[in-house]
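Coordinate inspection notes
Single-letter residue listing:
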Amino acid sequence: MPGAIPGGIPDSIKDSLRRLRGQHLRLSLCCIRLRQGSDGRLAGVDDPSLIAAPTPDGALYVIFIHPPGIDDDRMAEQVLWQRLAIGFQRGGLATWALRVAATHYDAAAIDDGTAIFETLLDLPLRPLRSVGSLI
């Protein structure tokens, strides 16, 4: 069904995006999944700079608000990947099992629809360890 988001969009992610809408902030929206056949479950990540929420189908959505000094989306991804890796390692989850995709937006351009999630889900998931030289 067009527009259907597998697992649905967690309410806390929708609420956070609604609160951020219209702000002059740059943010990244990330989808994380475990590699097929991996043991474990994505319940969250321990990092106060990330807004994270799991879905019933096992995905984890994360909002990362770009901090001051982050000059572009590529740099923001590097910081995001590093924070995710550290947070999951603290939780005992092996980073080799993580697959990620991210898209970047100005919060002022966020709408109430599912377009940003559909864009995110159209991106290929990549191994977390292969997406950044900081990890």
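Right above here is the structure, for reference.
Computed from a predicted model, the values in this text were never measured in an experiment.

Quick notes on the rules
- Residues numbered from 1 in each chain as written.
- Predicted model: local features only at pLDDT ≥ 70, side-chain atom pairs only at ≥ 80, totals over all residues.
- Heavy atoms only, no water.
- Helix = DSSP H or I, 4+ residues; strand = E, 2+ residues; numbered from the N terminus.
- Buried < 20%, exposed > 50% of the residue type's maximum accessible area, 1.4 Å probe, protein only.
- Contact = heavy atoms within 4.5 Å.
- Core = buried A, V, L, I, M, F, W, Y, C linked by side-chain atoms within 4.5 Å.
- Salt bridge = Lys/Arg side-chain N within 4 Å of Asp/Glu carboxyl O.

1. Observations regarding the overall build of the chain
Helix and strand counts for the chain come out as 3 helices and 5 strands. Starting at the N terminus and ending at the C terminus, the chain contains elements arranged as α-β-β-β-α-β-α-β. Here the chain holds 135 residues, and 43% of them are scored as buried. Across the chain, every contact between residues at least 6 apart in sequence was considered, and the portion connecting residues at least 24 apart equals 73%.

2. Details of the nonpolar core
Judged by nonpolar contacts, the single largest core of 22 residues is most densely connected at C30, I32, L84 and F88. Mapped onto this core, the elements with two or more residues apiece are β1 (26-34), β3 (60-65), α2 (73-90) and β4 (98-106). Top element by residues in this core is α2. It accounts for 7 residues. Once residues within four sequence positions are removed from consideration, C30 is found in contact with L60, Y61, V62, L80, W81, L84, V100, A101, A102 and L120. Of all hydrophobic cores here, the second largest spans 19 residues; its members include I5, A59, Y61 and A101.

3. Let's talk about the pattern of salt bridges
The tally for this structure, following the rule as stated, stands at 6 salt bridges. Of the charged contacts in the structure, one is a salt bridge between D73 and R26, with a shortest N-O distance of 2.6 Å. Note that D73 is positioned in helix α2 and R26 in strand β1, a separation of 47 residues in sequence. R126 is paired through a salt bridge with E77; the nearest N and O atoms lie 3.6 Å apart. Taken as a pair, R126 in strand β5 (residues 126-127) and E77 in helix α2 lie far apart in primary sequence, 49 residues in all. With relative accessibility at 32%, the residue R126 sits in the partly exposed group. We classify E77 as buried; its relative accessible area is 17%. Members of the salt-bridge network, linked through shared partners, are R26, D73 and D106.

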